[in-house]
Structure formats: C-alpha cells, structure tokens
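Close look at the chain arrangement
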Amino acid sequence: DDVGLYALHQANAFMVNFIRKKLKVAAEKVPLNCQNYGNTGPATIPLLLCDKCTEKSFDLSKTIMSGFGIGLSWGSIAADLTQTKFYTPINK
C-alpha cells in the first residue's frame, strides 16, 4: 500500500495488466503508455516516467521500476523519485 507507482516494462498492455493482477495492485498505480508508443525496448520505463509523471498524479516517494526481457532477464528497483525532473516527450 505504501508504493505510489509501479513503472513496469511496457511490452504490451496484456502483459502489464497480467502482472498487475498477479501483484494485486490497483490499476491507478500501474500506468500504461504502450498504446501510444509500442514496445520501445529498454526505453519503455524512462519513456513511461516522462510521459506519465509530468502530471504529478503519483506519489513518487516509493516507486518500483521493473524491466524484463527475453529469456529470464529482469531487473527491479525501489527508488524515491520525488526530486526527479521529468520532461514531456516530444511526439511528432
């Protein structure tokens, strides 16, 4: 309950929602932006943060970021992002 944001790798909406349901986390804490960009590989989490966190709609004092890929590769971190400056992506 004390986690304000789960920034998961945006492989596709099905995968993010599947993980969210397994973790039993509210949808408001797990934003999606893959419908706007698709799978951008290792850039999905930074792009998600820049795209969604400019709104200041999340408590960033405890943010969980988790990336995963082909095979069994994965990495996760809990971080305080309250002092982080996010820039809105330029979409042209």
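Just so you know, these numbers come straight off a predicted model, no measurement behind them. (Residues numbered from 1 in each chain as written. Predicted model: local features only at pLDDT ≥ 70, side-chain atom pairs only at ≥ 80, totals over all residues. Heavy atoms only, no water.)

A count of helical and extended segments in the protein chain gives 3 helices and 3 strands. Reading the protein chain from its N terminus to its C terminus gives the helix and strand order β-α-α-α-β-β. Taking 2.2 N^0.38 as the reference for a compact globule, 92 residues should give roughly 12 Å; the C-alpha atoms of the protein chain span a radius of gyration of 13 Å, in line with that estimate. Based on the C-alpha atoms only, the size of the protein chain along its principal axes is roughly 35 × 35 × 20 Å. Counting the 92 residues in the protein chain, one finds 35% classified as buried. Taking all contacts inside the protein chain whose residues are at least 6 apart in sequence as the whole, residues at least 24 apart take part in 51%. Only carbon and sulfur atoms are counted for the fraction: they give 59% of the accessible area of the protein chain, which is about 6000 Å². Computing the positive centroid from 10 side-chain charges and the negative centroid from 7, the protein chain places the two 7 Å apart. (Helix = DSSP H or I, 4+ residues; strand = E, 2+ residues; numbered from the N terminus. Rg over C-alpha atoms; globule rule 2.2 N^0.38 Å. Buried < 20%, exposed > 50% of the residue type's maximum accessible area, 1.4 Å probe, protein only. Contact = heavy atoms within 4.5 Å. Areas by Shrake-Rupley, 256 points an atom, 1.4 Å probe, with all protein chains shown as cover. Lys, Arg positive; Asp, Glu negative; His and termini not counted. Charge placed at Lys NZ, Arg CZ, Asp CG, Glu CD.)

Tallied over the entire structure, the rule returns 1 aromatic pair. On the numbers, 6.2 Å between centres and 20 degrees between planes, the contact of Phe-14 with Phe-18 is stacked. With Phe-14 and Phe-18 both in helix α1 (residues 13–23) and 4 residues apart, the pair spans about one turn of that helix. When its relative accessible area of 40% is taken as the criterion, Phe-18 is described as partly exposed. Above the face of the Tyr-87 ring, Lys-85 is positioned so that its terminal group lies 5.2 Å from the ring centre. (Phe/Tyr/Trp six-rings, centres within 6.5 Å; stacked < 30°, edge-to-face > 60°. Lys NZ or Arg CZ within 6 Å of the ring centre and 35° of its normal.)

This part covers the pairing of strand β1 (residues 5–8). On β1, burial covers both faces: Leu-5 and Ala-7 on one face and Tyr-6 and Leu-8 on the other are all buried. Of the pairings in the sheet, the one linking β1 to strand β2 (residues 63–68) comprises 4 bridges and is parallel in character. Looking at β2, one finds that Leu-8 is bridged to Ser-66. (Pairing = 2+ DSSP bridges.)

Here we come to the sheet that holds β1. In sheet architecture, strand pairing relies on hydrogen bonds along the backbone and comes in two forms, parallel and antiparallel. Taken in spatial order, the 3 strands line up as β1-β2-β3 in an open sheet, and their pairing is mixed. Each of the sheet's edge strands pairs with one partner strand only, and the pair in question is β1 and β3 (74–79). Strand-to-strand twist of the sheet, defined as the mean angle between neighbouring strand axes without regard to direction, takes the value 10 degrees. Of the strands in this sheet, β1 and β2 are in contact with helix α3 (residues 44–52), which crosses β1 at around 140 degrees. (Axes fitted to C-alpha atoms, helices over the stretch in contact; angles between N-to-C directions.)

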